[in-house]
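Structural features, examined
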Amino acid sequence: MDFIAGAIGGGLSTAVGYPLDTVKVRIQTERHYNGIWHCIQETYRTEKVWGFYKGVSASVLTVSVISSVSFGTYKNFLCTICKLRYGAADAKPSKLDVSLAGGAAGAARVVLMTPSEVAKVRMQTQRNPHPSIIASPQPVSKPKYRGSLHCLKVIAKEEGFGGLYKGCSALLCRDSSSSAIYFLTYSALCDWLTPAGKNKPGFLVVLLSGGFAGVLAWGLATPMDVIKSRMQTDESDQHKYKGLVHCARESVKKEGAKVLFKGLGLNCIRAFPVNMVVFVTYEAVLRFTDHYTKKK
């Protein structure tokens, strides 16, 4: 059930946080925005509301699958560690156990996640002026990518299979470390905020713990997130970056160390509600199925 609960939580959270994710990606990859509000204004002015939702349909589906893998891997890895260390899968894990299981969950989803992240970033940074703001009678050139699946097809054709896995190294570094912090923070806060004698945390505790876990994890993940996004927008005819280290070095050289924290505030603002939704949905689905199976 952890796989199903994770899938539902991931899909709902993507729908909630996608507009801010688009703004975040544009701020991280393009230099002409003065800040979050300027990016929001410019996106709405030129592309209207749809500009914030480019690639959302495919993203909801892929994040559902990825979230399913993440939560399922975490739970199963944690049970395996507990069985090996303490002799029982349901034994109380240590903080190290939770961190290791979280890191494994983050690493496991990278193989599935990288192609969808490449397509998402390319779609989000593609400019498609809204018909209502086009003054010129001249025909507007068609967008390079017509949708997420078409985007993946074009990348595979122009850049080969490796193009679908651009930024994979940065994504692995980002997700393995942030996922370890994510699950550790959630587990620790739930333990701390749950009154003695109660078996499971209440939904308010789940909401707060999930929100703060997301904020902390994304705070840690932002530097690698910036590098990942920049590597993934680097198309075949550009070749700006040779790899993770080169991308980090070039970005810092041109824009200073602060470039690694572009979108930090936005990541944290977005992370709180998004991860509240993830964990409260995950817990609700698990508790509903537990209650239903016990009644039977």
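For the structure, check the block above.
Everything numeric in this text was worked out from a predicted model, so none of it was measured.

1. Some remarks on the overall build of the chain
In terms of helices and strands, the chain carries 10 helices and zero strands. Along the chain, from the amino end to the carboxyl end, the secondary structure elements read α-α-α-α-α-α-α-α-α-α. Restricting the contact set of the chain to residue pairs at least 6 apart, pairs at least 24 apart contribute 78%. When the accessible area of the chain is evaluated, it comes to approximately 15000 Å², of which 66% is carbon and sulfur surface.

2. A short note on the pattern of salt bridges
Applying the stated criterion across every chain yields a total of 18 salt bridges. Between Glu 42 and Arg 45 there is a salt bridge, with the nearest N and O atoms lying 3.0 Å from each other. Taken as a pair, Glu 42 and Arg 45 lie in helix α2 (residues 36–47) at a separation of three residues, close to a single helical turn. Salt-bridge contacts for Asp 175 lead to Arg 109; the nearest nitrogen and oxygen are separated by 3.0 Å. On the criterion of sequence distance, the pair formed by Asp 175 in helix α7 (residues 168–193) and Arg 109 in the loop between α4 (95–108) and α5 (110–125) is long-range, its members being 66 residues apart. Note on Asp 175: relative accessible area 1%, which makes it buried. For Arg 109, a relative accessible area of 16% corresponds to the buried category. Within this structure, Asp 21, Lys 24, Arg 109, Lys 120, Arg 174, Asp 175, Asp 225 and Arg 270 form a network of salt bridges that share partners.

3. A word on the environment of Gly 265
Its place among the elements puts Gly 265 in helix α10 (residues 264–295). Assessed through its relative accessible area of 39%, Gly 265 is described here as partly exposed. Sequence separation between Gly 265 and Thr 222 is 43 residues; the distance between their C-alpha atoms is 9.5 Å.

4. Section: helix α6 (residues 148–159)
For α6, which comprises 12 residues, the first-to-last C-alpha distance of 16 Å matches the rise-based estimate of 16 Å (1.5 Å per residue) to within 8%. Of all the positions in α6, only Ser 148, His 150, Cys 151, Val 154, Ile 155 and Glu 159 are classed as buried. For α6, the angular spread of buried residues about the axis comes to 155°, placing them on one side. For α6, the exposed residues lying more than 90 degrees away from the buried face are Leu 149, Lys 153 and Lys 157. In the segment just after α6, Gly 160 is the residue with positive phi, at about 80°.

5. A closer look at a nonpolar patch on the surface
On the surface, Trp 192, Leu 193, Leu 204, Leu 208 and Phe 212 cluster together into a nonpolar patch covering about 570 Å² of accessible area. Counting only elements with at least two residues in the nonpolar patch, the list comes to α7 and α8 (203–233). By residue number, the principal contributor to the nonpolar patch is α8, which donates three residues. Along the chain, Leu 193 turns up in helix α7. Judged by relative accessible area, which is 34%, Leu 193 ranks as partly exposed.

6. Quick notes on the side chain of Ser 178
Tracing the backbone through its elements, the reader meets Ser 178 in helix α7. For Ser 178, a relative accessible area of 7% gives the class buried. Ser 178 has contacts with Ala 217, Leu 220 and Ala 221, leaving out every residue within four places of it along the chain.

7. Here's the deal with empty space enclosed by the protein
This model, assessed by the stated rule, comprises two cavities of 30 Å³ or more. Taken together, 31 residues form the lining of the largest cavity, with Val 63, Arg 109, Met 113, Trp 218 and Arg 270 sitting closest to its centre. Residue assignment for the lining of the largest cavity shows that the elements contributing at least two residues are α1 (2–29), α3 (56–86), α5, α7, α8 and α10. In terms of residue count, the dominant contributor to the lining of the largest cavity is α1 (seven residues). As a volume, the second largest cavity reaches approximately 40 Å³. Surrounding the second largest cavity, Ser 59, Thr 62, Val 63, Ile 66, Ser 116, Glu 117 and Lys 120 form its lining. Residue assignment for the lining of the second largest cavity shows that the elements contributing at least two residues are α3 and α5. With four residues, the top contributor of residues to the lining of the second largest cavity is α3. For the lining of the second largest cavity, the per-class residue count stands at two nonpolar, three polar and two charged.

The rules behind the values
- Residues numbered from 1 in each chain as written.
- Predicted model: local features only at pLDDT ≥ 70, side-chain atom pairs only at ≥ 80, totals over all residues.
- Heavy atoms only, no water.
- Helix = DSSP H or I, 4+ residues; strand = E, 2+ residues; numbered from the N terminus.
- Contact = heavy atoms within 4.5 Å.
- Areas by Shrake-Rupley, 256 points an atom, 1.4 Å probe, with all protein chains shown as cover.
- Salt bridge = Lys/Arg side-chain N within 4 Å of Asp/Glu carboxyl O.
- Buried < 20%, exposed > 50% of the residue type's maximum accessible area, 1.4 Å probe, protein only.
- Expected span 1.5 Å × (residues − 1).
- Arc of directions from axis to C-beta.
- Patch = residues over 30% accessible without salt bridge, like charges linked within 9 Å, V, L, I, M, F, W, Y side chains within 5 Å.
- 1 Å grid on protein atoms, 1.4 Å probe; cavity = no way out; pocket = protein on both sides within 12 Å on 5 of 7 lines; lining within 4 Å.
- Points joined across faces, edges and corners; volume = space filled by probe spheres on them.
- Nonpolar A, V, L, I, M, F, W, Y, C, P; charged D, E, K, R; others polar.

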